[in-house]
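Listed here are the chains, written in short residue letters.
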Amino acid sequence: MKTIILLALFTNLFASEGKVRNGGDISTRNILFAANNLSQYIDICLSSNSCIEDDKKDNLRQIKEVIIPSNIIFVAKPTNPDFFVIDGLEKIAITSNIPGSKIYINLKKINSMSIADATSLLIHEFGHHLGLKNHDSLDQLGVKVALNAVKSYTIYNLLGTKRFTPQLYYSKNLNPSLYILNNNNFINISNKISKLNLCHQNTVMSTYTIVNIFQSTLGSHDGIHLTLPLGIWLRIKCTNRIGETLRYFLQNNIDLVFNMDTETPVYID
Ligand SMILES: [Zn+2]
């Protein structure tokens, strides 16, 4: 079967967000992170009155069905040097118009891609999988989802080292979540917070908001590992089984310590 190769006409619209002060390039991480959160970003857009025209909503719902993060392939040096070249131009990404196709990302062209840039790019590429071929309207779709997505999260730059440049990602909407992002990796710390059982008996944590974040001096708790100690203050809402708010309180100093000796953020308990 002949596969039509489609391409991204893509510009960095959100270039100011998501950069770290030092360390390696974080674009690949941001693309994978955006891919893993893309369903949520689509939901945020669909639940907003101002995100997108009604006649485009079905496209977004269909894109949600074809997102496969593991089908994103990063290509540093293609065997065929013209792999990404179409009509004489080197593209950021190529894919086909079949659901489940691989999306090849040209590592040479994705310097400093933020989570918003990545969101926009991925909406475009997964949109091709539905058979949508108009690059301009896919760009518009992607940008609108990304513009709404950026309102739903905050990224805090933390003090790190050359090798470990941590950021805290906090998603405010729908299901709040917290991630520690490092160069090419991320770890979801929301589970850790739910396991602390901060709500009383017969209630569950329904939402939380970040009130403050304190980063203590980088150091070593055990004389072996270089560690990142974080104190997080949350305002927590506890509800009963039928969703009534029974308690709304400030929990200060939730202490989390991460091992900075590895590229992947790891807790130290
Ligand atoms: Zn395209």
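Up top you'll find the structure we're talking about.
Heads up: these notes are all about the structure in this document. Values in this document were obtained by computation on a predicted structure and should not be read as measured data. Per chain, the residues get numbers from 1 upward, laid out in the order the sequence is written. For this predicted model, a pLDDT threshold of at least 70 governs which residues receive local features, and a threshold of 80 or more governs which side-chain atom pairs are given and counted, while totals over whole chains, interfaces and linings are taken from all residues.

What to know about the overall build of the chain
The criterion, for reference: Strands are runs of DSSP state E lasting at least two residues, helices are runs of H or I lasting at least four, and both sets are numbered from the N terminus onward. Each residue is classed by its C-beta neighbour count within 10 Å, where at least 20 other C-beta atoms makes it buried, 12 or fewer makes it exposed, and intermediate counts make it partly exposed; the C-beta atoms are placed from backbone geometry. Residues are scored as being in contact if the C-beta atoms we place from backbone atoms lie within 7 Å.
Looking only at helices and strands, one finds 5 helices and 14 strands in the chain. Put simply, the chain has 269 residues, and 35% of those count as buried. Within the chain, contacts between residues separated by at least 24 positions form 64% of all contacts whose residues are at least 6 apart in sequence.

Examining the sheet that holds strand β10 (residues 185–188)
Whether parallel or antiparallel, the strands of a sheet pair through hydrogen bonds between backbone atoms. In plain terms, the rule: Only when DSSP finds a minimum of two bridges between them are two strands counted as paired. For helices, the fitted line uses only the C-alpha atoms of the stretch in contact; every axis is such a line through C-alpha atoms, and the angle between N-to-C directions lies from 0 to 180 degrees.
As summarised here, the arrangement of the 4 strands in space is β7-β8-β9-β10, forming an open sheet in which the pairing is antiparallel. Two strands lie at the open edges of the sheet, namely β7 (153–157) and β10, each paired on one side alone. Taken pair by pair, the neighbouring strands of this sheet meet at an average axis angle of 20°, ignoring direction. Pairing geometry for β7 and strand β8 (residues 167–171), over 5 bridges, is antiparallel. By the bridge assignment, asparagine 157 is partnered in β8 with glutamine 167.

Description of the sheet that holds strand β11 (residues 204–215)
Spatial ordering of the open sheet is given by β11-β12-β13-β14, a layout of 4 strands whose pairing is antiparallel. Each end of this open sheet is capped by a strand with a single partner; those strands are β11 and β14 (266–267). Where strand β13 (residues 245–259) and β14 come together, 2 bridges link them in antiparallel fashion. Paired with phenylalanine 258 across the strands is tyrosine 267, a residue of β14.

As for helix α3 (residues 115–129)
Helical geometry: 3.6 residues make up each α-helical turn, so side chains three or four residues apart lie on a common side. Inclusion rule: Between the first and last residue of a helix there are one fewer steps than residues, each counted as 1.5 Å, and that sum is the expected span.
Spanning 15 residues, α3 covers 21 Å between terminal C-alpha atoms, matching the ideal 21 Å at 1.5 Å per step. Of all 15 residues in α3, 15 are buried; the element is thus mostly enclosed. After α3 finishes, the residue glycine 131 shows a positive phi value of roughly 95°.

Thoughts on the environment of histidine 129
For histidine 129, the location among the structural elements is in helix α3. Among the residues examined, histidine 129 registers 23 C-beta atoms within 10 Å and is labelled buried. In sequence terms histidine 129 and threonine 95 are 34 residues apart; their C-alpha atoms lie 7.9 Å from each other. The contacts of histidine 129, once residues within four sequence positions are left out, are Val66, Thr95, Asn97, Ile98, Pro99 and Ser101.

Here's the deal with unusual backbone geometry
The backbone of aspartate 87 shows a phi angle near 50°, a positive value even though the residue is not glycine. Residue serine 112 is not a glycine yet carries a positive backbone phi of 55°. Locating serine 112 in the fold gives a position in the loop between β6 (103–106) and α3.

With respect to the nonpolar core
Side chains that are nonpolar tend, in soluble globular proteins, to be buried together. For the record, the criterion: A set of buried residues drawn from Ala, Val, Leu, Ile, Met, Phe, Trp, Tyr and Cys, joined through C-beta atoms within 7 Å, is what defines a nonpolar core. Either an automatic procedure or a domain database provided the assignment from which the domain bounds are taken.
Formed by 58 residues in total, the largest nonpolar core has its most connected members in Ala34, Ile105, Leu122 and Val145. Per-element tally for this core: the top contributor is helix α1 (residues 27–46), with 9 residues. Looking at which domains feed residues into this core, each of domain 1 (6–151) and domain 2 (157–267) gives three or more. In this structure isoleucine 105 touches Ile31, Ile72, Ile73, Phe74, Val75, Ile92, Ala93 and Ile110, once residues within four positions along its chain are discounted.

Looking at the packing of α1 against α3
Put simply, the rule reads: Here the angle decides the label: under 35 degrees means roughly parallel, over 145 means roughly antiparallel, 65 to 115 means roughly perpendicular, and every other value means oblique. Two helices crossing with the near one rotated counterclockwise from the far one by less than a right angle form a left-handed crossing, whereas a clockwise rotation gives a right-handed crossing. Basically, the charged four are Asp, Glu, Lys and Arg, the nonpolar ten are Ala, Val, Leu, Ile, Met, Phe, Trp, Tyr, Cys and Pro, and anything else, Gly included, counts as polar.
Interhelical geometry of α1 versus α3 gives an angle of 65° and a closest axis separation of 8 Å. One element, α1, and the other, α3, form an angle in the roughly perpendicular class. Judged by the twist between their axes, the crossing of α1 over α3 is right-handed. Only Ile115, Ala118, Thr119 and Leu122 of α3 make contact with α1, whose side of the interface consists of Asn30, Ile31, Phe33, Ala34, Ala35, Leu38 and Tyr41. Classifying every residue of the contact of α1 with α3 by side-chain character gives 9 nonpolar, 2 polar and no charged.

A word on the packing of α1 against helix α4 (residues 135–151)
It is the contact of α1 with α4, at a shortest axis distance of 9 Å, that shows an interaxial angle of 90°. It follows from the interaxial angle that α1 and α4 lie roughly perpendicular. Contacts from Tyr41, Ile42, Ile44 and Cys45 of α1 reach α4 at Lys144, Val145, Asn148 and Ala149.

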